[in-house]
Amino acid sequence: MRCYYDLHIHSVLSPCGDRDMTPGNIAGMARLCGLDIIALTDHNACGNCQALMQAGRQHDLTVLPGMELCTAEEIHVVCLFAALEGALGFEKEVAARRPSIPNRPDIFGEQLLLDAQDNLVGTEPSLLLAAASLSLEEVLPLARRFGGTAFPAHIDRDSYSVPAALGDIPPLGFPAAEITAEGDVSGLTARYPAIRDIPLLLNSDAHYLHQLPDAAAWLELEDPTPEAIIAALDGRLPFRWGRSRDEG
């Protein structure tokens, strides 16, 4: 079955996320865009994942819980999980390694916790943008420990990416990588041999509703359950992938 996806979306829990990025709005817009699978990946936190998973069920969406982790090297890594319990366990480990810096909403933005009906249920007092004391090499094993997987985010950008921090993409063992819509696949694979034989996932990194993409990038799986999606992205299950409706 071919499923259209966006696996890198931020909500109002991310201080840089727009106030319209509520669970209900994200789920509704994703369905209007023709997406089948989405993931919520707020900065260093999973607090709105349950609400979006509940909202997603109302729109026949598969919602993977996750986060965009900022490593000690200030590299962003997308971490995804098959179940909410795994995501929350991973979040607890990350929270223990985040610096204790109070958020300044007037400077960084609010960090709002909502329910599936978009009601405010709380706020996150600690700044979520700060780097955790987890190295890049530690992230994938830790995600797998909680039933998930991980891949480096937006490798074609000049900030918070593996090349920006390390000057190269060494063979780190990640089963996939993410590039943006502006990323040059042929140029990137020519420059970085380590990504030539892995899926290059196209995600939006949406912080605003209008940034959610129309259905284009796809995964093709026999059984597109959350468990099968994670197994495929983790390299344990064969699948096909493409970046436009015309591919494949």
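Reference entry: report on the structure contained in this document. Every value quoted in this text rests on a predicted model; they were computed, and no experiment measured them.

## Details of helix 3 (residues 84-95)
Link 1 in the chain: If you check helix 3, its first and last C-alpha atoms are 16 Å apart, about what 12 residues at 1.5 Å a residue would give, namely 16 Å.
Link 2 in the chain: Residues of helix 3 that are buried include every one of L84, G86, A87, G89, F90, E91 and V94, and no others.
Link 3 in the chain: Here the buried face of helix 3 lies against helix 2 (49-57), strand 3 (62-70), strand 4 (76-81) and helix 5 (136-145).

## Some thoughts on the pattern of salt bridges
Link 1 in the chain: Taken as a whole and judged by the stated rule, the model has 11 salt bridges.
Link 2 in the chain: The salt bridge partner of R31 is D36, with a shortest N-O separation of 3.6 Å.
Link 3 in the chain: With its nearest N and O atoms 3.0 Å apart, the salt bridge here joins E93 to R145. Of this pair, E93 sits in helix 3 while R145 sits in helix 5; the two residues are 52 residues apart in sequence, bridging distant segments of the chain.
Link 4 in the chain: Here E93 falls in the partly exposed class, since its relative accessible area comes to 24%.

## Quick look at the nonpolar core
Note on soluble globular proteins: their nonpolar side chains tend to be buried together.
Link 1 in the chain: Counting 54 residues, the largest nonpolar core has I38, L69, V77, C79, F90, A150 and I195 as the members making the most contacts within it.
Link 2 in the chain: Top element by residues in this core is helix 5. It accounts for 5 residues.
Link 3 in the chain: Core analysis: the second largest hydrophobic core is formed by 22 residues, C3, A153, L201 and A232 among them.

The rules behind these values
Residues numbered from 1 in each chain as written. Predicted model: local features only at pLDDT ≥ 70, side-chain atom pairs only at ≥ 80, totals over all residues. Heavy atoms only, no water. Helix = DSSP H or I, 4+ residues; strand = E, 2+ residues; numbered from the N terminus. Expected span 1.5 Å × (residues − 1). Buried < 20%, exposed > 50% of the residue type's maximum accessible area, 1.4 Å probe, protein only. Contact = heavy atoms within 4.5 Å. Salt bridge = Lys/Arg side-chain N within 4 Å of Asp/Glu carboxyl O. Core = buried A, V, L, I, M, F, W, Y, C linked by side-chain atoms within 4.5 Å.

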